[in-house]
Amino acid sequence: MAWPTAEVARMSGVTARTLRHYDEIGLLPPAWIGTNGHRYYEEGELLRLQQILVLRALGLGLPEIGKVLASQVDEVEALRGHHGRLLAERDRLDALAGTVARTITELEHSRRDGRPMTINRPENLFEGIQPAQYQETLQDFPEQAEAIDRHTATMSDARIEAGQRERTAQMIRLAELMAAGTPADAEPVQAEVDAQYRALTELRAVSAEEYRALGRACVDNEPWRAAYESIAPGLAAYQRDAIEAYATTRLS
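This write-up is about the structure you can find in this document.

Position of Gly44 among the secondary structure elements: in helix H3 (residues 43-57). Taking the C-alpha atoms as reference, Gly44 lies 8.3 Å from Ala31; in sequence the two are 13 residues apart.

Spatially, S1-S3-S2 is the arrangement adopted by the three strands of the open sheet, whose pairing is antiparallel. The open sheet terminates on both sides in strands that have one partner only, identified here as strand S1 (3-4) and strand S2 (32-33). Pairing geometry for S1 and strand S3 (residues 39-41), over two bridges, is antiparallel. The residue bridging Trp3 from the neighbouring strand is Tyr41, located in S3.

What follows covers the side chain of Thr18. Tracing the backbone through its elements, the reader meets Thr18 in helix H2 (residues 16-24). Only 2.8 Å separates the side chain of Thr18 from the side chain of Thr15, close enough to count as a polar contact.

Before going further, it helps to spend a moment on the packing of aromatic side chains. Considering all chains together, one arrives at four aromatic pairs under this definition. Judged by centre distance (4.9 Å) and plane angle (55°), the ring pair of Tyr197 and Tyr211 falls under tilted. Of this pair, Tyr197 sits in helix H9 (residues 187-201) while Tyr211 is found in helix H10 (residues 208-220), placing the two residues 14 residues apart along the sequence. Taking the relative accessible area as the measure of exposure, Tyr197 reaches 13% and is therefore buried. One aromatic cluster is present, formed by Tyr197, Tyr211 and Tyr246 through successive ring pairs.

If you walk through the whole model with that rule in mind, you get 10 salt bridges. Between Glu7 and Arg10 there is a salt bridge; the shortest N-O distance is 2.6 Å. Taken together, the positions of Glu7 and Arg10, both in helix H1 (residues 5-12) and three residues apart, correspond to about one turn of that helix. You can call Glu7 partly exposed: its relative accessible area is 26%. The exposure class assigned to Arg10 is exposed, which follows from its relative accessible area of 58%. Of the charged contacts, one joins Arg198 and Asp194 as a salt bridge, the two residues approaching to 2.8 Å between their closest N and O atoms. Residue Arg198 and its partner Asp194 are both found in helix H9; the two are separated by four residues, about one turn of the helix. On the basis of relative accessible area, Asp194 is assigned to the buried category, the value being 14%. Several salt bridges share partner residues, and in doing so they unite Glu209, Arg212, Arg216 and Glu244 into one network.

The rules behind these values
- Residues numbered from 1 in each chain as written.
- Predicted model: local features only at pLDDT ≥ 70, side-chain atom pairs only at ≥ 80, totals over all residues.
- Heavy atoms only, no water.
- Helix = DSSP H or I, 4+ residues; strand = E, 2+ residues; numbered from the N terminus.
- Pairing = 2+ DSSP bridges.
- Polar contact = N/O pair within 3.5 Å; in protein donor to acceptor, adjacent residues only side chain to side chain.
- Phe/Tyr/Trp six-rings, centres within 6.5 Å; stacked < 30°, edge-to-face > 60°.
- Buried < 20%, exposed > 50% of the residue type's maximum accessible area, 1.4 Å probe, protein only.
- Salt bridge = Lys/Arg side-chain N within 4 Å of Asp/Glu carboxyl O.

Structure follows, in structure tokens:
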């Protein structure tokens, strides 16, 4: 049995554009291509796509996924390995949920007592937060994801983690500005967005419209929205609005 691209996209949640990208880089060629030019996938390709998505969710870049799949000999053993990684990811998400719960408790106590929130161990804010959740949000932006994969391929785990902590710190700074009532188009907010944009353009050129699309994804893409909302309710829309203002005033 074979399934066309549109059906595979519907079943897996992966866009047809991403499936074409996976084919172009040799990660997931279709089983065959019809005379009409349409791609068709069989069970073996669906199993391979499942493994790709599992490894993406675990934070692996596309080059690393290609190496993992190329080295596989037995599918059952490979799935056992993926299962072990998923169990580890479950433990990480449990830790992340605990992190957010502790932050909520501290915020509630500080508001009830009328005092500023005191963070005795700032590193607790970041427990359980890893690059996987951010990479997952880029599934609809394969060019940007590929640029990030190339950039991080030669980086140490320590450098990757440091970059992730800085991105999370940026989210927290935006949350503080939002809580203070600062408009999304105000200069302090726009300075944070400018730093984000410059970090993106160090990897590849990003047009005003693409940056707007990334901003909209902060709200429309569920994993991305959840990451922002775990910092502060309303932060996803605040980031989107700040990016829209930046693209309109500085990129148009």
